[in-house]
Amino acid sequence: MDILFDSKKFQKECKQQRLLIKRYGEVMAKRIGRRLDDLRAADNLETMRHLPGRCHELIGNRAGSLSLDLEHPYRLIFMPEHDPIPRKIDGGLNWSQVTAVRIIRVEDTHDN
(Lines give C-alpha, C1' and ligand atoms only; values in the text may rest on other atoms or scores of the structure.)
Protein backbone atom coordinates (compact mmCIF):
# COMPACT_ATOMS: atom_id res chain seq x y z
CA MET A 1 0.00 0.00 0.00
CA ASP A 2 1.16 3.53 -0.68
CA ILE A 3 1.64 5.74 2.38
CA LEU A 4 1.60 9.53 2.38
CA PHE A 5 1.86 11.82 5.38
CA ASP A 6 -0.20 14.86 6.33
CA SER A 7 2.88 16.48 7.86
CA LYS A 8 6.48 16.64 6.63
CA LYS A 9 7.63 16.69 10.27
CA PHE A 10 5.84 13.43 11.13
CA GLN A 11 7.07 11.85 7.89
CA LYS A 12 10.66 12.73 8.84
CA GLU A 13 10.17 11.30 12.34
CA CYS A 14 8.76 8.06 10.91
CA LYS A 15 11.79 7.63 8.66
CA GLN A 16 14.25 8.02 11.55
CA GLN A 17 13.72 5.68 14.51
CA ARG A 18 15.76 7.87 16.86
CA LEU A 19 13.39 10.81 16.21
CA LEU A 20 10.36 8.61 16.89
CA ILE A 21 11.93 7.40 20.15
CA LYS A 22 12.78 10.95 21.19
CA ARG A 23 9.19 12.12 20.66
CA TYR A 24 7.14 9.06 21.68
CA GLY A 25 9.42 6.80 23.70
CA GLU A 26 10.80 3.40 22.75
CA VAL A 27 7.61 1.32 23.08
CA MET A 28 5.44 3.72 21.06
CA ALA A 29 8.17 4.20 18.44
CA LYS A 30 8.33 0.43 17.90
CA ARG A 31 4.55 0.18 17.58
CA ILE A 32 4.38 3.08 15.14
CA GLY A 33 7.11 1.46 13.06
CA ARG A 34 5.32 -1.91 13.07
CA ARG A 35 1.99 -0.42 12.05
CA LEU A 36 3.61 1.54 9.21
CA ASP A 37 5.49 -1.58 8.06
CA ASP A 38 2.20 -3.52 8.08
CA LEU A 39 0.49 -0.81 6.01
CA ARG A 40 3.36 -0.73 3.50
CA ALA A 41 3.32 -4.52 3.11
CA ALA A 42 -0.46 -4.76 2.71
CA ASP A 43 -1.91 -5.00 -0.80
CA ASN A 44 -4.99 -3.12 0.39
CA LEU A 45 -6.72 -2.01 3.57
CA GLU A 46 -8.71 -5.25 3.82
CA THR A 47 -5.45 -7.04 4.70
CA MET A 48 -5.14 -4.85 7.80
CA ARG A 49 -8.29 -6.39 9.31
CA HIS A 50 -6.32 -9.62 9.82
CA LEU A 51 -3.19 -8.09 11.38
CA PRO A 52 -2.48 -6.82 14.91
CA GLY A 53 -3.53 -3.26 15.59
CA ARG A 54 -7.31 -3.54 15.37
CA CYS A 55 -7.69 -1.44 12.24
CA HIS A 56 -11.10 0.21 12.39
CA GLU A 57 -13.15 3.11 11.09
CA LEU A 58 -13.83 5.97 13.45
CA ILE A 59 -17.31 7.39 13.99
CA GLY A 60 -18.96 10.67 14.97
CA ASN A 61 -16.92 13.79 14.28
CA ARG A 62 -14.02 11.53 13.21
CA ALA A 63 -16.02 9.69 10.53
CA GLY A 64 -13.96 9.13 7.40
CA SER A 65 -10.82 8.44 9.41
CA LEU A 66 -9.43 5.08 10.50
CA SER A 67 -7.12 4.12 13.31
CA LEU A 68 -4.67 1.47 14.39
CA ASP A 69 -4.00 0.76 18.05
CA LEU A 70 -0.59 1.70 19.37
CA GLU A 71 0.03 1.84 23.13
CA HIS A 72 -3.27 2.47 24.94
CA PRO A 73 -4.83 5.02 24.65
CA TYR A 74 -2.92 6.18 21.57
CA ARG A 75 -3.85 5.44 17.97
CA LEU A 76 -2.30 6.00 14.54
CA ILE A 77 -4.91 8.05 12.66
CA PHE A 78 -5.11 7.87 8.87
CA MET A 79 -7.48 8.29 5.92
CA PRO A 80 -7.88 6.65 2.54
CA GLU A 81 -5.90 8.60 -0.06
CA HIS A 82 -8.26 8.22 -3.02
CA ASP A 83 -10.41 10.68 -4.92
CA PRO A 84 -13.12 9.56 -4.86
CA ILE A 85 -12.90 7.28 -1.83
CA PRO A 86 -13.87 3.72 -2.85
CA ARG A 87 -17.37 2.90 -1.60
CA LYS A 88 -19.54 -0.18 -1.56
CA ILE A 89 -23.08 -0.06 -2.92
CA ASP A 90 -24.42 0.55 0.61
CA GLY A 91 -22.12 3.61 0.95
CA GLY A 92 -19.62 2.00 3.32
CA LEU A 93 -15.88 2.11 2.74
CA ASN A 94 -14.69 -0.56 0.31
CA TRP A 95 -11.62 -1.72 2.24
CA SER A 96 -10.43 -4.04 -0.53
CA GLN A 97 -10.06 -1.12 -2.97
CA VAL A 98 -8.11 1.18 -0.64
CA THR A 99 -4.49 0.93 -1.81
CA ALA A 100 -3.19 4.27 -0.51
CA VAL A 101 -3.53 6.04 2.84
CA ARG A 102 -2.58 9.40 4.31
CA ILE A 103 -1.19 9.26 7.85
CA ILE A 104 -2.62 12.14 9.87
CA ARG A 105 -1.13 11.85 13.38
CA VAL A 106 -0.79 9.90 16.60
CA GLU A 107 -3.41 10.83 19.16
CA ASP A 108 -5.63 9.71 22.00
CA THR A 109 -9.04 9.45 20.31
CA HIS A 110 -10.72 9.21 23.71
CA ASP A 111 -9.89 12.86 24.56
CA ASN A 112 -12.68 14.24 22.37
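Below: a short report on this structure. (Residues numbered from 1 in each chain as written. Predicted model: local features only at pLDDT ≥ 70, side-chain atom pairs only at ≥ 80, totals over all residues. Heavy atoms only, no water.)

## Considerations on unusual backbone geometry
Working step 1: In this model, H72 is joined to P73 through a cis peptide bond whose omega is 10 degrees.
Working step 2: With respect to the helices and strands, the residue P73 is situated in the loop between β3 (66–69) and β4 (74–80).
Working step 3: Of note, the amide linkage connecting D83 to P84 takes the cis form, showing an omega dihedral of 5 degrees.
Working step 4: As for its position among the elements, P84 is in the loop between β4 and β5 (100–108). (Helix = DSSP H or I, 4+ residues; strand = E, 2+ residues; numbered from the N terminus.)

## A word on the packing of aromatic side chains
Working step 1: The tally for this structure, following the rule as stated, stands at two aromatic pairs.
Working step 2: Arranged with centres 5.9 Å apart and planes meeting at 70 degrees, the rings of F5 and F10 form a pair that is edge-to-face. When sorted by exposure, F5 lands in the same class as F10, which is buried.
Working step 3: Ring centres 6.4 Å apart and planes at 80 degrees place the aromatic pair F10 and Y24 in the edge-to-face group. Of this pair, F10 sits in helix α1 (residues 8–15) while Y24 sits in helix α2 (residues 17–24); the two residues are 14 residues apart in sequence, bridging distant segments of the chain.
Working step 4: Take F10: its relative accessible area is 5%, and that puts it in the buried class.
Working step 5: For Y24, a relative accessible area of 19% gives the class buried.
Working step 6: Site record: aromatic cluster; members linked through ring pairs are F5, F10 and Y24.
Working step 7: For R49, the ring lying beneath its charged end belongs to W95, and the centroid distance is 3.8 Å. (Phe/Tyr/Trp six-rings, centres within 6.5 Å; stacked < 30°, edge-to-face > 60°. Buried < 20%, exposed > 50% of the residue type's maximum accessible area, 1.4 Å probe, protein only. Lys NZ or Arg CZ within 6 Å of the ring centre and 35° of its normal.)

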